[in-house]
Amino acid sequence: MWFRKRSDFYALLLAQAKKSEEGLFALCRFMEHPSPELGNSVEVIENEADDLRRNLINALNLTFITPFDREDVFSLSRAIDDMVDYAKSTVEEMMLFEVKSNTHLTTMARTLYDASQHITAAVSNLRKIKTPIQEHIIRAKKLENQMEHLYREALVDLFKHPDVVTVLKLREIYRHLSNAADRGDEAANILSDIVVKNA
């Protein structure tokens, strides 16, 4: 009799988190030195992240028993993937609309990357619900709050700009980064729920 091999959802989620972190680091590099090559690297990483997401969904569809709630596995995977999706959207639109990087964009990208590192660290501690997990969750959430302040500051400066077209372009870019931060906050909340349910 053949037995279906059990999927390691901890490993699958960690692979996603690491890939998302890689994508956000690539976003930082692009913001510091915008170029088609660095922009393309973000797109390549996002495509790889999509493959990892599909692997997890396929495993979820083939598995009856998961280490924690199926909905939490699915939602955490989606939130992590969304972070790098928004990184790709940001880069695509900056290149398409010929938007130049600025201090606000580089700072926001760096904050997103920092948050992604804490999400990865929290996911890496999921298997045994180790003590540091809560610390990383709290830090990720604090960085999301920081991102909201950065977003508002960027908008305040932006609305002083005389060119309406520039305002419309940059506002959309800032919104993508803010949305990425929201997904990081969502991931942190899901991780917190998992800890409470499995403590």
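Here goes a summary of the coordinates provided. The structure displayed is predicted, hence computed values, not measured ones. (Residues numbered from 1 in each chain as written. Predicted model: local features only at pLDDT ≥ 70, side-chain atom pairs only at ≥ 80, totals over all residues. Heavy atoms only, no water.)

Scanning the entire structure with this criterion turns up 2 aromatic pairs. Ring geometry for Phe25 and Tyr113: centres 5.3 Å apart, planes at 50°, overall tilted. With Phe25 in helix H1 (residues 9-32) and Tyr113 in helix H4 (residues 103-124), this pair connects stretches of sequence that are 88 residues apart. Given the relative accessible area of 39%, Phe25 is considered partly exposed. (Phe/Tyr/Trp six-rings, centres within 6.5 Å; stacked < 30°, edge-to-face > 60°. Helix = DSSP H or I, 4+ residues; strand = E, 2+ residues; numbered from the N terminus. Buried < 20%, exposed > 50% of the residue type's maximum accessible area, 1.4 Å probe, protein only.)

All told, the structure shown has 14 salt bridges when counted by the stated rule. The residue Asp69 makes a salt bridge to Lys197 at a minimum N-O spacing of 3.1 Å. With Asp69 in the loop between helix H2 (36-62) and helix H3 (70-96) and Lys197 in helix H6 (residues 164-198), this residue pair connects regions lying 128 residues apart in the sequence. We classify Asp69 as partly exposed; its relative accessible area is 41%. Lys197 sits in the partly exposed class, given a relative accessible area of 48%. A salt bridge links Arg175 to Glu172; the shortest N-O distance between them is 3.3 Å. You can see Arg175 and its partner Glu172 sitting in helix H6, 3 residues apart, about one turn around the helix. (Salt bridge = Lys/Arg side-chain N within 4 Å of Asp/Glu carboxyl O.)

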